[in-house]
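What follows is each chain in one-letter form.
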Amino acid sequence: MVSPRPSHRVTRPVRNNLFDWLSLSEYNWSGRMEHPDFLARLYDLDSLPSTDSRYRNAAGDIAQHMVRNYDWEDDWVFGDARFNLRGGSDENFLNFLAATVHPIVRTHADDAAAMVEAYNATLRRDNFELYEVDRLGDRVIYGWRETTVYRAPSASQIAQQPDLTENAVLRQHLGRIERDLESDPPAAIASCKNLIESQCKIVLTDLGIEYGRNDEMPKLFGKVASALAIDAASVPTDPRGSNAVKRAMGSLSGLVTAIAEARNAIGSGHGADTLSAATPKHARLVFNSTVAVAQFVADTWHETSRWQATDDEF
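Residue positions within a chain follow its written sequence, with the count starting from 1. Residues qualify for local features only when their pLDDT is at least 70, as the model is predicted, and side-chain atom pairs are given and counted only at 80 or more; totals for whole chains, interfaces and linings, by contrast, use all residues. The basis for the side-chain values is all heavy atoms of the structure; hydrogens and waters are excluded.

Turning our eyes to something else, we now look at the packing of helix α1 (residues 12-24) against helix α4 (residues 90-100). Whenever a helix is involved, its axis is fitted only over the stretch in contact; in every case the axis is a line through C-alpha atoms, and angles between N-to-C directions fall within 0 to 180 degrees. A helix here means a DSSP run of H or I that spans at least four residues, while a strand means a run of E at least two residues long, and both kinds are numbered starting from the N terminus. The interhelical angle for the contact between α1 and α4, taken along N-to-C directions, is 20°, at an axis separation of 12 Å. Regarding the angle of α1 to α4, the classification is roughly parallel. Handedness of the α1/α4 crossing: left-handed. Along the contact surface, α1 presents Arg-15, Leu-18 and Phe-19, while α4 presents Asp-90, Phe-93, Phe-96 and Leu-97. Grouping the amino acids of the contact of α1 with α4 by side-chain chemistry returns five nonpolar, no polar and two charged. Every angle not falling under 35 degrees, over 145, or within 65 to 115 is termed oblique; those three ranges are roughly parallel, roughly antiparallel and roughly perpendicular. Should the near helix be turned anticlockwise from the far one by less than a right angle, the crossing is left-handed, and should it be turned clockwise, the crossing is right-handed. The contact definition used throughout considers only heavy atoms, calling two residues in contact when any of these lie within 4.5 Å. For this classification, Asp, Glu, Lys and Arg are treated as charged, while Ala, Val, Leu, Ile, Met, Phe, Trp, Tyr, Cys and Pro are nonpolar and the rest, including Gly, are polar.

What pLDDT reports is the predictor's confidence in each residue, on a scale of 0 through 100. Overall, the predicted model of the protein reaches an average pLDDT of 84, with 82% of residues at or above 70. When pLDDT is averaged over each element of the protein, helix α2 (residues 35-40) comes out on top at 98 and helix α6 (residues 157-160) at the bottom at 49. In this model, residues 149-157 is a region of pLDDT below 50 whose contacts with residues beyond four sequence positions or in other chains number 24 contacts. Taken as a whole, residues 159-166 scores under 50 in pLDDT and shows 19 contacts with residues more than four places along the chain or in a different chain.

Here helix α8 (residues 185-206) contains 22 residues, and its C-alpha end-to-end distance of 32 Å stays within 8% of the 32 Å for a straight helix at 1.5 Å per residue. Each residue is assigned to one of three classes by its accessible area relative to the maximum for its type, calculated with a 1.4 Å probe on protein chains only: buried under 20%, partly exposed between the two thresholds, exposed over 50%. Along α8, 18 of the 22 residues are buried, which leaves the element largely enclosed by surrounding structure. Downstream of α8 by a residue or two, Gly-208 has a phi angle that is positive, lying close to 75°. In this analysis, the expected span of each helix is defined as 1.5 Å times one less than the number of residues it contains.

The next thing to look at is the pairing of strand β2 (residues 139-146). Among the eight residues in β2, seven count as buried, and that is most of the element. Only when DSSP finds a minimum of two bridges between them are two strands counted as paired. Judged from the eight bridges that link them, strand β1 (residues 128-136) and β2 form a sheet pairing that is antiparallel. Paired with Asp-134 across the two strands is Ile-141, which belongs to β2. The antiparallel pairing of β1 with β2 creates a hairpin that spans two residues between the two strands, and Gly-137 there sits at a positive phi of about 65°.

Here we come to the packing of aromatic side chains. What counts as a ring pair is set by centres within 6.5 Å for rings of Phe, Tyr and Trp (its six-membered ring), and what kind of pair is set by the plane angle: stacked under 30 degrees, edge-to-face over 60, tilted for all other angles. A full pass over the atoms with the stated rule returns 15 aromatic pairs. Arranged with centres 6.5 Å apart and planes meeting at 55°, the rings of Trp-29 and Phe-78 form a pair that is tilted. Taken together, the residues Trp-29 in the loop between α1 and α2 and Phe-78 in the loop between α3 (58-68) and α4 connect sequence positions 49 residues apart. The exposure classification of Trp-29 matches that of Phe-78, with both residues buried. With centroids separated by 5.6 Å and ring planes inclined at 75°, the aromatic side chains of Phe-38 and Phe-96 adopt a geometry described as edge-to-face. Placement of Phe-38 in helix α2 and of Phe-96 in helix α4 is noted, with a sequence separation of 58 residues between them.

Positionally, Leu-285 belongs in helix α12 (residues 280-312). In the structure, Leu-285 is positioned 26 residues away from Ile-259 in sequence and 9.6 Å away in space, judged by C-alpha atoms.

We call a set of buried Ala, Val, Leu, Ile, Met, Phe, Trp, Tyr and Cys residues a nonpolar core when their side-chain atoms join them within 4.5 Å. Of all hydrophobic cores here, the largest spans 38 residues; its most connected members are Leu-39, Phe-83, Phe-96 and Leu-123. Secondary-structure elements contributing two or more residues to this core are α1, α2, α3, α4, α5 (109-123), β1 and β2. Broken down by element, this core gets its largest block of residues, six residues, from α4.

To continue, consider unusual backbone geometry. Although it is not a glycine, Tyr-70 adopts a positive phi angle of roughly 55°. Checked against the element boundaries, Tyr-70 lands in the loop between α3 and α4. Its identity as a non-glycine residue notwithstanding, Asn-127 has a phi of 65°, on the positive side. Tracing the backbone shows Asn-127 in the loop between α5 and β1.

Written as structure tokens, this is what we have:
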């Protein structure tokens, strides 16, 4: 039987360093919120004990000492046993850090970004980091994750290629993959398929090539491959590696089919009557395959667009 993973992988020195940094920095951990209001977002203060005999619970004594009188030190919470930030679980500690940079707590986005950068410089020693998980308008909501697992890069070159006005579509798919890769593998697998399908339609539209509304992804990719000459025959003769590259290019269609089949078999979106068997490792495998296909299409399309633009000048 596999033993459960320990929940104290963020070490005491890393926690101490982060709290020391917060204590010395210009940033108040509770931001624009009163201490009781901030902590109530994470803990049931009414059920936690009071350290002041005049009050029944933590809600009462924190309000007394940090709202009405303000006679505790600003960083009192770092050593309070009720919250156990120095010795408690990773989840408890990391959720606290993420809360300090939430848009509701932190008025200025630049301040939140600076805090996250400082946090991550220390957290990565223990293979953790804060990262963007959602948006509140134009403001970032941060969550946390381990950095030892492979993750979808939001700033991937896939999203930086000249995707015309539809660039946001691919970024949206990448964001969903990044969000779901660990927490919802079937959804991440479905988004991988959607990314390739959207990219194919974007390329075909740009090149003025018609496609059927109900065309399946392998058929769409076949049209893209034909239009962009993505096939083994397009590899220049090079005795040092042409055969290997030709075999790799010849496998792209197989990867596309595999991605589509993975979505149908273990991805979300088909209303299956049984739970998907997909795990994060399956999602990462499908994602890696997606990157291989999408990146090569984007690179080739970029070269084709550049050549066409040059021809139009003459």
